[in-house]
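Fold and contact review
Chain by chain, the residues:
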Amino acid sequence: MSHRLAHLGLALILALAAHGQQRPGARQMVRVQGGAYLPLYSGKTGKTEVKAFEMDIFPVTNADFLRFVQDYPEWSRSRIKPLFADSNYLRHWQGDLAFDPAIARSPVVNISWFAAKKYCECQGKRLPETAEWEVAAKASQTQADAGSDPAYYQYVLNWLTKPSPAVLPRVGSTFRNYFGVYDLHGLVWEWTWDFNSALSTGESRGNASLDNTLFCGGGALGSGNMTNYASFMRFAMRSSMKAKYCVPNLGFRCVK
Amino acid sequence: MKESKYHQISRIVFLFLGIVALGCGRAEQGNTRETQGEVRGEEEAILTFAPEVPPPITRDYPTKVIVKLDVIEKEMEMMDGVTYNFWTFGGQVPGKFIRVREGDQVEFHLRNDPSSKLPHNIDLHAVTGPGGGAVSTFTAPGHETQFTFTALNPGLYIYHCATAPVGMHIANGMYGLILVEPREGLPKVDREYYVCQGDFYTSGAYGESGLQSFDMEKALDEKPDYVVFNGKVGALTGDNTLKAKVGETVRLFVGNGGPSMASSFHVIGEIFDNVHVEGGTLLNHNVQTTLIPPGGSAITEFKVDVPGSFILVDHAIFRAFNKGALGILQVEGPEDKLIFSGQQDDRIYQPEGGAVQSMPSEEAKPAQPLSKEQKLELGKSLYISTCQACHQADGQGIEKAFPPLVRSDYFASDPTKVADVILHGLSGPITVNGKPYNSVMPKQTLSDQQIAAVATYVLNSFGNKGGEIRESDVARLRK
Ligand SMILES: [Cu+2]
């Protein structure tokens, strides 16, 4: 037991939440083989080719993120710039460096895109592109592309129709997929680099970004699989986001 | 109406995406609409759960009305013993009833609960503007959006979620009604109720107990397992029946959320004196059945002259008796034999003048006896249609009223007792699994084959010991 003791009362903890766990840099990653991704709404008509990449096997946990905040206090709850996160930032923590130890291994949520991006950069990694994330997420336990497996599809859909639990389970609590990646479905939503394609074109105000994505992109729909409700929902979720939003069921993981 | 490029695009987008819903541009009425008067004051709208309706508006001027609607995803009952993950406006299906006055300026707040898995939005058909508000209210979990519209056209309108995939959001219960009362108000009535039909697509068949998930294939095939009023089988029956007294006038605000089934809305034993056709201004009279499309509505009004149970149905009648689209309006008060006599006589009718009738010469061939598998299959559906209403889907019954069929010790030692009870009914005090019951089970009018099937099904379900009842056993018991 470390001697850096919690003096916060309650069952809160300090930095040592993560004591004894692997260093963030050492987070385990696995290789995800490349593949084709057909975006639901792209200006392009064809598929996007995704090159092979390395992906964190787990989403980033509260404990992981605590270490990051310790190293970069400007990303703590009290010091983050309002431009980079809305007021729900790390809302489920009890202070800058304190949360209920029960959630140490649960995915960190209430995190803005800016914070997620910064975290990955500080590990020498980056946020996955939507195409990369989707390629990794196509994999079931046994197949790299389970797109035509109805049981897998139903599993994904069932999770999407359930409200979020009050306490999120730990990372690794869902299945390990073909590539060795856990929790892409069944735990939390995850940020992607280009979650809102309008974002990369610069600052967007009001609903302009949404209109761009939905209407301009919509004019040239790559039809994709119109019955893939699960990917519709992921698309809807991503388009409802802005980079500073912090949402209680949205976390992230990094890639390289 | 001139079709702007915007509308063309948004229509395409709707087809594929659904964020923008139907009716994004409603025709301007221009000079037919007088000035609405100046908006004065401000109030928060009273919202109600079905079947209640907010009180009539007494104001004679437009005001700013603030509407706050919460999106809540939660597991609720679809039927006793059957649950489903509903997505709701306000915490129930249908969503809360909104009542405003023509000309009101409505400041609309959509609040998506932090526990929501998904973003949602709202398309109010009462809105003149893109997407009926859908784009302006696209709301992430734990967020709140706001927009303002003026209620230009009076009428009864559906609202619904229009987030992709829109069909699924509606199929999970995201719809409700908004009434824009005409400036002059609606004529006074004694009772107002809110009824909204919807169809549901579940992994299990109608009545299959436990948590059911959304079945996309059935939804695309438009083959619902449930067609219900107010979000649940039994939402308008039993303790929840609508009530009225003889001589009163009843107004039903009826909507249809769909997503797919049109409603042939009918009240058995009543004639609608007035119907606001399609929820609009056109008044029709003396209507038996009014058609309500998905995403549509109707206002029906009728005076109740005699007491009794008046049954609300979708007159596509299998839905009423096999999928749940059934409600009851209970009218109490004195009888009026002149309007309705009740049965006056029951005598034999012999079209051939009372002479001895010729009997069919060929004797009906006895049906092939069913195999045990066939009995179990037929028995299951018979159980759902005949027994389940009382003994419940899981066979647990209802304490003090309907005894359980789960591991029942009543027939454990003598399986033919099941067939006997179905055949002859049962009344008087009995004890089942240690609990006393003293009630009446009416005899069930089923064929020997059907009784053999359902009895065999009961014996082999609900943890009972198994066994089989033959048709010949039933025939013997019948004597
Ligand atoms: Cu919705």
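From a predicted model like this one, the values you see are computed outputs, not experimental measurements.

**So, the overall build of chain B**
A count of helices and strands for chain B gives eight helices and 23 strands. For chain B, the residues scored as buried account for 51% of the 479 residues in total. Put simply, 69% of the contacts in chain B that link residues at least 6 apart link residues at least 24 apart. For chain B, the exposed surface amounts to about 22400 Å²; the carbon and sulfur share of it is 52%.

**Examining the overall build of chain A**
The helix and strand tally for chain A stands at six helices and six strands. Counting helices and strands in the order they occur from the N terminus, chain A gives β-β-β-β-α-α-α-α-β-α-α-β. When burial is assessed residue by residue, chain A has 54% of its 256 residues classed as buried. Taking contacts inside chain A between residues at least 6 apart in sequence as the whole, the part at least 24 apart equals 74%. Within the structure as shown, chain A displays about 11300 Å² of accessible surface, and the carbon and sulfur contribution to it stands at 53%.

**Considerations on the side chain of N172 of chain B**
Assignment of secondary structure puts N172 of chain B in the loop between helix 2 (166-171) and strand 9 (175-181). Engagement of the side chain of N172 of chain B in a polar contact is seen with the side chain of Y84 of chain B, the distance being 2.5 Å. Apart from the residues lying within four places of it in its own chain, the contact partners of N172 of chain B are T161 of chain A together with Y84, N85, F86, W87, F200 and F214 of chain B.

**Points about the sheet that holds strand 15 (residues 263-268) of chain B**
All names here are of chain B. The strand order 13-21-20-15-18 describes an open sheet built from five strands, whose pairing is mixed. At either margin of the open sheet sits one strand with a lone partner, and together these are strand 13 (242-245) and strand 18 (289-292). Shown here is a sheet whose adjacent strand axes are inclined to one another by a mean of 20 degrees, direction ignored. Pairing of strand 15 with strand 20 (residues 308-314) involves four bridges; the strand directions are antiparallel. Paired with H266 across the strands is V313, a residue of strand 20.

**With respect to the coordination of the copper ion**
Residues and elements named next belong to chain B. Protein coordination at the copper ion: the donors are H120 (ND1), C161 (SG), H169 (ND1) and M174 (SD), at 2.1 to 2.4 Å from the metal. Note that the copper ion binds four donor atoms; their angles at the metal cover 91 to 132 degrees, and the shape is tetrahedral. For the copper ion, the donor residues sit on a single chain with the sequence spacing H-x40-C-x7-H-x4-M.

**Description of the state of the cysteines**
Residues and elements named next belong to chain A. Counting across every chain of the model gives one disulfide over all chains. A sulfur-sulfur separation of 2.1 Å characterises the disulfide bridge that pairs C120 with C254. Taking the torsion about the S-S bond as the criterion, the C120 to C254 disulfide, at about -80 degrees, is left-handed. On the criterion of sequence distance, the pair formed by C120 in helix 2 (residues 113-122) and C254 in the segment after strand 6 (250-251) is long-range, its members being 134 residues apart.

**A look at helix 3 (residues 130-137) of chain A**
Burial analysis of helix 3 of chain A places eight of its eight residues in the buried class, the great majority of the element. Inspection of helix 3 of chain A places T130, A131, E132, W133, E134, V135, A136 and A137 of chain A among the buried residues, and these make up the whole buried set.

**Here's the deal with helix 6 (residues 416-424) of chain B**
Residues and elements named next belong to chain B. All of the buried residues along helix 6 are V418, A419, V421, I422 and L423. Here the buried face of helix 6 lies against strand 22 (426-432), strand 23 (435-441), helix 7 (448-459) and helix 8 (471-478). Trailing helix 6 by a residue or two, G425 shows a phi angle of about 80 degrees, which is positive.

**Examining the pattern of salt bridges**
Residue and element names in this part refer to chain B. Inspection of the entire model under this criterion finds 30 salt bridges over all chains. Put simply, E43 and R59 hold a salt bridge, and the shortest N to O gap is 3.4 Å. Highlighted residues: E43 in strand 1 (residues 42-44) and R59 in the loop between strand 1 and strand 2 (64-79), separated in sequence by 16 residues. Among the residues examined, R59 registers a relative accessible area of 12% and is labelled buried. Members of the salt-bridge network, linked through shared partners, are R99, E181, E192, R251 and E301.

**Thoughts on the sheet that holds strand 17 (residues 283-287) of chain B**
Residues and elements named next belong to chain B. Taking strand neighbours across the sheet as the criterion, the six strands line up as 12-10-14-19-16-17 in an open arrangement whose pairing is mixed. Edge strands, defined here as strands with exactly one partner in the open sheet, are strand 12 (226-229) and strand 17. Neighbour-to-neighbour, the strand axes of this sheet turn through a mean angle of 20 degrees, independent of strand direction. With eight bridges connecting them, strand 10 (residues 191-200) and strand 14 (residues 249-258) associate as parallel partners. Looking at the pairing, E192 lines up with R251 of strand 14.

**Re the pairing of strand 8 (residues 155-160) of chain B**
Residues and elements named next belong to chain B. Across the six residues of strand 8, six count as buried, placing the element largely inside the fold. Neither face of strand 8 is open: one carries G155, Y157 and Y159, the other L156, I158 and H160, and all of them are buried. Of the pairings in the sheet, the one linking strand 6 (residues 123-124) to strand 8 comprises two bridges and is antiparallel in character. Its bridge partner lying in strand 8, D123 is registered against H160. Pairing of strand 8 with strand 9, which is carried by six bridges, proceeds in the antiparallel orientation. In the sheet register, L156 faces strand 9, and the bridge partner there is L179.

**Some points on the confidence of the model for chain B**
All names here are of chain B. Summarising the model, chain B shows a mean pLDDT of 86, and 88% of its residues fall at 70 or more. Low pLDDT, under 50, characterises residues 1-34; the predicted model gives this stretch 66 contacts beyond four residues in sequence or across chains. When the criterion is pLDDT under 50, residues 352-365 qualifies, and its contacts beyond four places in sequence or with other chains add up to three contacts. In the predicted assembly, ipTM is 0.75 and pTM is 0.70.

**A few points about empty space enclosed by the protein**
Residue and element names in this part refer to chain A. Evaluation of the coordinates by the stated rule reveals three cavities of 30 Å³ or more. Computed from the structure, the largest cavity encloses a volume of approximately 70 Å³. For the largest cavity, the full set of lining residues is W133, W189, E190, W191, T192, F195, R234, M237, R238, M241 and L250. For the lining of the largest cavity, the element with the most residues is helix 6 (residues 229-239), which contributes three residues. Its residues assigned to classes, the lining of the largest cavity comprises seven nonpolar, one polar and three charged.

**Thoughts on the environment of W191 of chain A**
Residues and elements named next belong to chain A. Relative to the assigned elements, W191 resides in the loop between strand 5 (189-190) and helix 5 (208-219). Counting along the chain gives 79 residues from W191 to S112, while the straight-line C-alpha distance between them is 8.5 Å. For W191, the side chain forms a polar contact with the main-chain oxygen of I111, separated by 2.9 Å.

Reading the values: rules and limits
- Residues numbered from 1 in each chain as written.
- Chains lettered and ligands numbered in written order.
- Predicted model: local features only at pLDDT ≥ 70, side-chain atom pairs only at ≥ 80, totals over all residues.
- Heavy atoms only, no water.
- Helix = DSSP H or I, 4+ residues; strand = E, 2+ residues; numbered from the N terminus.
- Buried < 20%, exposed > 50% of the residue type's maximum accessible area, 1.4 Å probe, protein only.
- Contact = heavy atoms within 4.5 Å.
- Areas by Shrake-Rupley, 256 points an atom, 1.4 Å probe, with all protein chains shown as cover.
- Polar contact = N/O pair within 3.5 Å; in protein donor to acceptor, adjacent residues only side chain to side chain.
- Pairing = 2+ DSSP bridges.
- Axes fitted to C-alpha atoms, helices over the stretch in contact; angles between N-to-C directions.
- Donors = N, O, S within 2.8 Å, 3.2 Å for Na, K, Ca; no water.
- Tetrahedral: all angles 85-135°; square planar, octahedral: opposite > 155°, others 65-115°.
- Disulfide = S-S within 2.5 Å.
- Salt bridge = Lys/Arg side-chain N within 4 Å of Asp/Glu carboxyl O.
- pLDDT = per-residue confidence, 0-100.
- 1 Å grid on protein atoms, 1.4 Å probe; cavity = no way out; pocket = protein on both sides within 12 Å on 5 of 7 lines; lining within 4 Å.
- Points joined across faces, edges and corners; volume = space filled by probe spheres on them.
- Nonpolar A, V, L, I, M, F, W, Y, C, P; charged D, E, K, R; others polar.

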